[in-house]
Amino acid sequence: MGDPLERLELEDAGGSSLKDDEVCMEIDPPFRESTATTEDWRKALAKVVPAVVVLRTTACRAFDTEAAGASYATGFVVDKRRGIILTNRHVVKSGPVVAEAMFVNREEVPVYPIYRDPVHDFGFFCYDPGVIQFLKYEEIPLAPEAASVGLEIRVVGNDSGEKVSILAGTLARLDRDAPHYKKDGYNDFNTFYMQAASGTKGGSSGSPVIDWLGRAVALNAGSKSSSASAFFLPLERVVRALKFLQNGRDSFVKKWEAVSILRGTLQVTFVHKGFDETRRLGLQSETEQRVRHASPQGETGMLVVESVVPGGPAHECLEPGDVLVCMNGEVITQFLKMETLLDDSVNQKIEIRIERGGTPLTVNLLVQDLHSITPNYFLEVSGAVIHPLSYQQARNFRFQCGLVYVAEPGYMLFRAGVPRHAIIKKLAGQEISLLEDLISVLCKLSRGARVPLEYVSYADRHRRKSVLVTVDRHEWYAPPQIYTRDDSTGLWTVKPAFQPDAGLLSSGINDLGGIRSDAVPLCTEASSVGHMHHDSRAELNEGVTSMETSYEHSSEGGHPRAESDVETKKHRVKEDFSSDGNAVADGSFLETDEGDLEDANTVENSVMRDLQGENVAAANSSLAERIIEPTLVMLEVHVPPSCMLDGVHSQHFFGTGVIIYHSQNMGLIAVDKNTVAISASDVMLSFAAFPIEIPGEVVFLHPVHNYALISYDPLALGAVGISLVRAAKLLPEPAIRRGDSVHLVGLSRSLQATSRKSIVTNPCAAVNISCADCPRYRATNMEVIELDTDFGSTFSGVLTDEHGRVRAIWGSFSTQLKFGCSSSEDHQFVRGIPIYTISQVLEQIICGAQGPPLLINCVKRPMPLVRILEVELYPTLLSKARSFGLSDDWVQALVKKDPIRRQVLRVKGCLAGSKAENLLEQGDMVLAINKEPVTCFRDVENACQELGKHENRDGKLNMTIFRQGREIDLLVETDIRDGSGTTRVINWCGCIVQDPYPAVRALGFLPEEGHGVYVARSLGTCSNERKKCCAAVSWWL
């Protein structure tokens, strides 16, 4: 591991090979540089600066060691005629990248990657030189032989985000070890680095390190985070690669022929150790003398094996601690000489002589093509990026190259708890060793299938972990696709991973150990370019290493934002019946003869007796708890990253719901909107009455009140489940009053009912929630119930009377606590939501509403429409209203109407685009509607509902308001809203674009022409972004 104070100058850094003896010792030091004048440097910089460009790169997908995201870096022109720009490998990136170069005169040109070295930290972009019309510039020559200790240099580049920055330094070392940046990211090896105190920072990756003659002597790559030391890549291997590219083409063409640059490897990492240390490793004195004699004068050590990748050419032949003596009979003590020999011997055997503990050994090894173990394609499925394990990561993790590697978990795998950097070993009972094995299994699975997956991680490499993966059953992502890099264009081509008629079956039964699940038809829809969530800076190794790049959006780590939290939060109750029984997860029944039916009935009766016995064992629980427990459901909700709309602040939610309707054809569950925030969600239901987990669908989101309705298929419960699960009895009237005794009943994470008797302290507390940084649903115009005692801010459930009849939902409300002007924190609290509004909507669904039909369990059912006044109101005490000039007559009338509340409603604001927007003003007091005094939110709600009962009404309320000392009568038209929420969203250029939703309109502004569209989120796919998903872009277009 490298110096703990090292860091990179972009996202990742690496290096190339350089020899202290062969390069520096054999070159006469340029005497003139010590006497270089200011004028000399001015002339050199005048030639160099125009050829240095700012590179803006966007990694469209996570790939190999790189995370998805955007960053700034530096490059410089090394071939003007062919349009070739040199920069670092971690700038060019190994995966899909979109980039552009900006010259010093601000002319911009798109650039395309044409080569990135598999190991060392350099790569090339190409551009069309004809696009640059207004700048005179020349290419910067490469002079690796000019590097020497004491050489005065300048680093020219985009340091700290500046367009041009020039930093001075002096080369202090030419034989520094390659810095180690990250344990799970890109690292360079088998090379020396140069070192100087130039103090480079973020954005300077790829900057030329020039001498006073304007020649590039090295390539800037990394630096220390706690000092001014910077690390430069030697240019010998860069010059070799550039010559290959130049020999392949004479000038710029849009589609270049891919050039093969041979690179050989033994999958062995060597380090340079001094002779004293090699003697401690057992090197014989005679061998040391022969090496010293055969090496250039001043040689200080030899190459020692540090690590060997399993399954590679040197596996079980070389071991850590082996001292390299010679290759093919030639003494090798320097990286450059070793790599030259390997590159010239690809697919050939070489003879290697080593000493192991003082014992000479000779081995013959086949030199492998380094490009063959560097992936150039990947599979994308449900947002996950999966490809063969690269040599870089195989070296980091000590795994064999080519294993199935998760570069980005995406949605489906993250939902199952699979982290980034995982190695998939088994799926659906099939061993997975190659990416093709994974594809062959995926093509046999059906939408909605739940299959086991086993994986290992580098942090716990000797132990497999097993999770349950749910194949995406909605339309969140496109079908699985294979992306392949085209080195002739620098772009990636895409094709289906398998034929549509063969992959992800649209129907059928998937049998897994007796658990069966219905398949849902697969729909295809374009997926977002980026999603992900996860850290806007490259993760530092031991808190000390980083890359020097200016970042915009970056993705680091696999859904870490709470991967550990997800594991602790998740709880699934699985059915554990044998295949002999009739109870199955999808409610389908096996065809059996009469004898089998008798056996099945016996099993069913046995299961019911066991479950009833549990109820007897819980005899110490209250009557209300025993009655309500079979109606409770634990909901686990996941929101796809591609559908993070309406300002939803997380991707994962838990909460308790209550069954309000249960029949053979449909079941409905009521739950708060802090658990089910949007309709674009995957909902899994675990029932307290019966150990099974089935999917649910969001069918209704109330536009004002804090509750949602979730449907489920009762047949999926099986015969036993249907008989044990039941709906709660709702008691909307009489309304809860202060001092009433209620039972608070809910579920723990282990699906155990928990209850306590509480006293209502305030049955009509007005909710007052401020706007969040990113607009999202917040409860308004609501009165909630407060208790003297509860179970904390995360416990949800229901409030019942002593007979178990539901009087309110004990639901969760989302808010945001702000600390000063720049910091905030998401927070939640729980309050009681009166059941009357839920029972009204339920009655309309059962009896047949007048709204748009919705397909529920293959049956179209009309859903209710809600007539509302899109105005945010808040209560003011009559004592304060009198101070504003409200007359005694109205004060007395309002007190007579409601002697308990003694309040009047005032207008806080109208939703932009509502029909009341230009009629009501902030501060208006609402005195009466249709000549009836109004004192609470329910009065307004009832008046709106009355309009819906009379079709001949024009939908207007006759409102009496008090404004600036005057009473005014207004006809205010109401709005009609459904319970679908946002139904249309577009993923475009990494952004989630939608119509302005109510939380945005509540801010009081919409563009005048067409109301515009709202950018709900920028898909910056990093782990920390997933943790703080509320960072919406909020742009108007």
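Here the structure is shown first, and the text comes after it.
About the thresholds
- Residues numbered from 1 in each chain as written.
- Predicted model: local features only at pLDDT ≥ 70, side-chain atom pairs only at ≥ 80, totals over all residues.
- Heavy atoms only, no water.
- Pairing = 2+ DSSP bridges.
- Helix = DSSP H or I, 4+ residues; strand = E, 2+ residues; numbered from the N terminus.
- Axes fitted to C-alpha atoms, helices over the stretch in contact; angles between N-to-C directions.
- Salt bridge = Lys/Arg side-chain N within 4 Å of Asp/Glu carboxyl O.
- Buried < 20%, exposed > 50% of the residue type's maximum accessible area, 1.4 Å probe, protein only.
- Contact = heavy atoms within 4.5 Å.

## Overview of the sheet that holds strand S57 (residues 991-994)
So, point 1. Read across the open sheet, the 3 strands follow the order S56-S57-S58; overall the sheet is antiparallel. The open sheet has two edge strands, strand S56 (985-988) and strand S58 (1014-1018), and neither has a second partner. For this sheet, the mean inter-axis angle between neighbouring strands, taken without regard to orientation, is 25 degrees.
So, point 2. Here S56 pairs with S57 via 4 bridges, running antiparallel.

## A closer look at the pattern of salt bridges
Side-chain pairs of opposite charge can arise where the charged atoms are in close proximity.
So, point 1. Taken as a whole and assessed by the stated rule, the structure comprises 52 salt bridges.
So, point 2. Put simply, Glu783 and Arg901 hold a salt bridge, and the shortest N to O gap is 2.7 Å. Placement of Glu783 in strand S42 (residues 783-787) and of Arg901 in the loop between helix H17 (888-897) and strand S50 (903-910) is noted, with a sequence separation of 118 residues between them.
So, point 3. Residue Glu783 is classed as buried on the basis of its relative accessible area, which comes to 14%.
So, point 4. For the salt bridge of Arg963 with Asp924, the shortest nitrogen-to-oxygen distance reads 2.8 Å. Taken together, the residues span a long stretch of sequence, with Arg963 in strand S53 (residues 956-963) and Asp924 in the loop between S50 and strand S51 (925-929) at a distance of 39 residues. For the pair Arg963 and Asp924, a shared accessibility class is recorded, and that class is buried.
So, point 5. Residues joined in a network through salt bridges with shared partners are Asp117, Arg237, Arg240, Arg263, Glu339 and Asp343.

## Some words on the pairing of strand S29 (residues 481-486)
So, point 1. Inspection of the sheet shows strand S22 (residues 377-381) paired to S29 by 4 bridges, in the antiparallel sense. When the sheet's bridge partners are listed, Phe378 is paired in S29 with Tyr483.
So, point 2. By the bridge criterion, 6 bridges tie S29 to strand S30 (residues 491-496) in an arrangement that is antiparallel. Within S30, the residue paired with Thr484 across the bridge is Thr493.

## Focus: the sheet that holds strand S35 (residues 652-662)
So, point 1. One closed barrel accounts for 6 strands, arranged S34-S35-S36-S39-S38-S37; its pairing is antiparallel. Each adjacent strand pair in this sheet contributes to an overall mean axis angle of 40 degrees, direction not counted.
So, point 2. Looking at chain direction, strand S34 (residues 632-638) and strand S37 (residues 682-687) are connected through 6 bridges and run antiparallel. Considered in S37, the bridge of Leu635 is made with Leu685.
So, point 3. Across the sheet, helix H15 (residues 836-847) is in contact with S35, strand S36 (667-671), strand S38 (693-701) and strand S39 (708-712); its angle to S35 comes to roughly 60 degrees.

## Thoughts on the pairing of strand S23 (residues 384-388)
So, point 1. Burial runs high along S23: 5 of the 5 residues are buried.
So, point 2. Both S22 and S23 contribute to a ladder of 3 bridges, which runs antiparallel. Looking at S23, one finds that Glu380 is bridged to Val385.
So, point 3. In textbook terms, the turn of a hairpin is the stretch between consecutive antiparallel strands, and for S22 and S23 this stretch comprises 2 residues, one of which, Ser382, has a positive phi near 50 degrees.
So, point 4. Bridge analysis of S23 against strand S24 (residues 404-408) gives 4 bridges, and the strand direction is antiparallel. Each bridged residue has a counterpart across the sheet, and for Ile386 the counterpart in S24 is Val406.

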